[in-house]
Amino acid sequence: MTLEMISSLYTAPATEALSQILEIICEVIVASKDVLIEKRIFAELAHYLQRLESVIKELNKKGIIHSESLNNAIEIFNREIKVAKQLTLECSKKNKVYLLMNCRSITKRLENITRELSHALSLIPLASIDLSSGIVEEIGKLCDNMGTAEFKAAIAEEEILEKIEAGIQERSVDRSYANNLLVLIAQTLGISTERSALKKEFEEFKNEIESAHVRKNMAEAIQMDQIIALLGRADAASSPKEKEVRYFTKRNSLGSQPLEPLQSFYCPITRDVMTDPVETSSGQTFERSAIEKWFADGNKLCPLTMTPLDTSILRPNKTLRQSIAEWRDRNTMIRIASIKPKLLSENEEEVINCLEQLQDLCEQSDLHQEWVVLENYPPTLIKLLGERNRDIRIHALLVLCILAKDSDDAKVKIVEVDNSIESIAHSLGRRIEERKLAVALLLELSRSDLARDRIGKVQGCILLVVTMLSSDDNQASRDARELLENLSFSDQNIIQMAKANYFKYLLQRLSSGPEDVKCIMATTLAELELTDPNKSSLLEDGVLGSLLPLVSNGDLPMKTVAIKALKNLATLPKNGLRMIKEGAMPPLLDLLFHHSPAIPNLREQAAATIMHLAISTMSQETEQLQVSLLESDDDIFKLFSLINLTGPDIQKSILRTFFALCQSLSATNVKAKLRQHLSVPVLVQLCELDNPEVRPNAVKLLCCLTDDGDEATILEHVDQRYVETFVKIIKSSSDEDEIGSAMGIISNLPEDPQITRWFLDAGALPFIFNFLHDTKQKGPCKDQLIENALGAVRRFTVSMNQELQKKAAEAGIIPALVQWLELGTSKTKKHSAISLAQFSQSSPRLSRPLPKRGGFLCFSAPLESACPVHRGICSVESSFCLLEADAVGPLVRVLAEADPGASEASFDALLTLIDGELLQSGSKVLADANAIPLIIRLLGSSSPTLLEKALNAMERIFRQLEFKQKYGASAHMSLVDITQRGSSSTKSLAARILAHLNVLHEQSSYF
């Protein structure tokens, strides 16, 4: 080349070469975003290249001229940028595992590229170029940064490589090590840990290795072969069929008899086959632990040659160790194959011994476990779970647990045995040691998709697992809980758990599952027969927070099942109260008031739920903060108005709702509002219907509203048809509760002669009396029926109508009244005593005088005995005499009872015996019946009316000397107390009695 040509080359601009470099830089920057590994380092390289790109563009603008140093720089740029491009493309396309195995070399190459680029940049003759100071400074910084850049693989990648190196060096690593290593690789590379995905990635990795062989990169190929051998021990690295073929190819080549160990396998010191053979400085091999002890004991000479040894030198004899391992594996394969037929022996001891041997082999190595599975032991072990011998079952479970642990292939083999899950589940119902192993085995199996699908389908399995949650054994309880978590992938399994009273996952799905799943869970809650503790725990665990939004915002099917679930939970009173507090009523009322009658089921469920909430208000205690079901009068009126606008099911629920509210703390207000709303005519109309669901509930509510109601308001609606309606119910109904409520309505009606006449005309009297003669049946409904029947009887026993009294007496009512004094409730006794008192008031007028005897006494008929009280001839039917009816004793016993209503009513009946002129004779009868001490006890009563009646009675009785002397002292203290603490009227009465007793003068200021 001439001097002129060289001169022209150096004076030509270098823009074309720099432009080509810029194009490649751009390609590398773009490609770096798609790399599969070392993304952080490639991103750092791309950042350096972007800065370099800016510098080169600036140089291009200046039209920089070729020079030797510039040409050298361009040559390096060109070479290293192309290397970077090639490496980037390789890291974007090759197998991820292969790239991971080469991550150290990749990072080293990236570091070298970066430093070479820095060197090239430093060769540019900046002094000959007119560059700004800023560009010059940037070039200097970029040179320094790239020149000192250090790239290292990520910590996770280094950890994997170290584990691989350790595994290759330690040839005895097991399947578990390989499984964990493969999972760690997958997690680091962002690969799925599913077996199919791992196998696919592993196969691609092996294909890369074959490419390395083709490329004759022998060093890399040898290293990769070692890695494949290590990872190939993992379950996902090969299919069960491939493993089976490899195993039986090897096993069939071994023969059937174990081989004796070679002499070289024995340690000269221990005389046992070595496990960890090491070579000393003399070239002799010993068991490591034996020679170390030899040195520790102070020996410096070789045990065989007696030559001096360097005690610091112990080299692993890898070749011998490998030979011993292969010998052991050969014999173990033969031994494992030979044990299997013996497990079918009828000799139980032999079977147990074989199982113990098998367990010992499995515990030694997971390679042995793999061979046991390949020898198809699982069917035999599953069959042993049906043996009667518990020790055989326990040992079989132990071996199965070991096989299943960390081995997907073993799990599949176990699950695929016919009825395997059923056999294991059967052990869950046995003694604790067997149950523990069974739940541990099921837990291991549940980590397999195939097993998870089958476990939940075994009848009773989930129920038995749930019972294990409360086991005294903490590990068994934890295993059961984890097993249930693994099974919670299936909605059907969750439903089975809920049926076993385990609601954790049902609540989770109900709270955060998809809409269709929420609907399924709500339906399950609605249909379950929950115990009260379960209902309570569900509320405590927050089920309301999931259900109430579904009621408010769900579609119609969702609203319906959510309301059904609420209804199921609301049957527990404390739950109902909590639902009211947490706002369940507004959405329910909204559904009831505003939804179309065309969707009756939704409204029926809403009405039924409101009914249960109303029933819950009956359980409130007076000291609790009152929970109000219907917040406003408008709600009361609107809800009651729906009775005329809805079908029988909703009518029934609304009627029962108001009946419950009439028994709650808000009863007074609710009753007043219903009476104000003119509910009585509506209820009477419903009572005229023959609907067996509606009429009984209407009768009950009407009975409640007429109890303690304003007589004038009631009379507004009472006519003969009204009376006939309830007499018809009494005559025709088979529902005792309904009959009792109808009786209650009759009892609550004012004792108006016209109303009584209508009842007589309707033939009510004999039907009412018939109920009083049946004293055998018991129960709340029967009690209410008798109470109300006796209340109704009172209108037929008023003393102002002796003709009516006579009809009642002739019907045998008086003995029945006396009988119910002994058998009934407090209310029954009260009504009975009131009717007896009314009868007794007529007795003095009806008692016949004794006839005068005439003629000869010896020919006269014997005289009838006179009544001790009325001094004439008395009978039950003619004079209604309490003595003839044997009512005095029962009345006295009721007088002694704690119930003030019954006690006062019986007292009123007894007082009729000392009324007016009957004082003397009646007092004697009361004394004989031990009634007077009880009357004295009433002087301490807290009831003002009862106290006043007792004082009046004692004032009259103590006018008689006999009784004053006998009972005066016992009444003394009570009377004195009344004079000090009583009201003005009772003080005066007490003072008058004390005057009879000569304690006070009759001129005392108390009078």
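Refer to the structure printed above.
The structure contained in this document is the topic of the report that follows. Note that the structure is predicted; figures quoted are calculated from it, not measured. (Residues numbered from 1 in each chain as written. Predicted model: local features only at pLDDT ≥ 70, side-chain atom pairs only at ≥ 80, totals over all residues. Heavy atoms only, no water.)

## Describing a negative patch on the surface
Logical step 1: Taken together, Glu348, Glu349, Glu356, Glu387, Asp391 and Glu433 make up a surface patch of like negative charges.
Logical step 2: No other element matches the 3 residues that helix 15 (residues 348-364) contributes to the negative patch.
Logical step 3: Summarising the element assignment, glutamate 433 is placed in helix 21 (residues 432-445).
Logical step 4: Owing to a relative accessible area of 44%, glutamate 433 belongs among the partly exposed residues under this scheme. (Patch = residues over 30% accessible without salt bridge, like charges linked within 9 Å, V, L, I, M, F, W, Y side chains within 5 Å. Areas by Shrake-Rupley, 256 points an atom, 1.4 Å probe, with all protein chains shown as cover. Salt bridge = Lys/Arg side-chain N within 4 Å of Asp/Glu carboxyl O. Lys, Arg positive; Asp, Glu negative; His and termini not counted. Charge placed at Lys NZ, Arg CZ, Asp CG, Glu CD. Helix = DSSP H or I, 4+ residues; strand = E, 2+ residues; numbered from the N terminus. Buried < 20%, exposed > 50% of the residue type's maximum accessible area, 1.4 Å probe, protein only.)

## Some thoughts on the nonpolar core
Logical step 1: Core analysis: the largest hydrophobic core is formed by 241 residues, its most contacted members being Leu381, Leu547 and Phe658.
Logical step 2: If you tally residues by element for this core, the top one is helix 18 (residues 390-404), at 10 residues. (Core = buried A, V, L, I, M, F, W, Y, C linked by side-chain atoms within 4.5 Å.)

## Overview of the pattern of salt bridges
Pairs can form between side chains of opposite charge whenever their charged atoms are close.
Logical step 1: On inspection of all chains with the given rule, the structure shows 49 salt bridges.
Logical step 2: The partner of glutamate 80 in a salt bridge is arginine 79, with the nearest N and O atoms 3.0 Å apart.
Logical step 3: Taking the shortest distance from any N to any O, the salt bridge between arginine 430 and glutamate 434 comes out at 3.2 Å.
Logical step 4: A residue is classified by how much of its surface remains accessible, and glutamate 434, at 1% relative accessible area, is buried.
Logical step 5: It is possible to trace a salt-bridge network through shared partners that takes in Lys405, Lys411, Glu444, Arg447 and Glu482.

## Quick look at helix 8 (residues 155-169)
Logical step 1: Relative to the 21 Å expected for 15 residues at 1.5 Å per residue, helix 8 spans 21 Å between its end C-alpha atoms, a close match to the ideal helical length.
Logical step 2: Those residues of helix 8 that sit buried are Glu157, Ile160, Leu161, Ile164 and Gly167. All buried residues of helix 8 project into a common sector of 125° when viewed along the axis, lining one side. Exposed residues pointing more than 90 degrees away from the buried face of helix 8 are listed as Ile155 and Gln169. (Expected span 1.5 Å × (residues − 1). Arc of directions from axis to C-beta.)

## Quick word on the packing of helix 2 (residues 15-31) against helix 4 (residues 68-93)
Logical step 1: In the contact formed by helix 2 and helix 4, the axes pass within 9 Å of each other and the chain directions differ by 20°. In this view, helix 2 runs roughly parallel relative to helix 4, as classed from their interaxial angle. The two elements helix 2 and helix 4 meet at a crossing, and its hand is left-handed. Listed contacts from helix 4 to Ala17, Leu18, Ile21, Ile24, Ile25, Glu27, Val28 and Ala31 of helix 2 are Ile74, Phe77, Asn78, Ile81, Lys82, Ala84, Lys85, Thr88, Leu89 and Ser92. (Axes fitted to C-alpha atoms, helices over the stretch in contact; angles between N-to-C directions. Parallel < 35°, antiparallel > 145°, perpendicular 65-115°, else oblique. Left-handed = near helix turned anticlockwise from the far one by under 90°. Contact = heavy atoms within 4.5 Å.)

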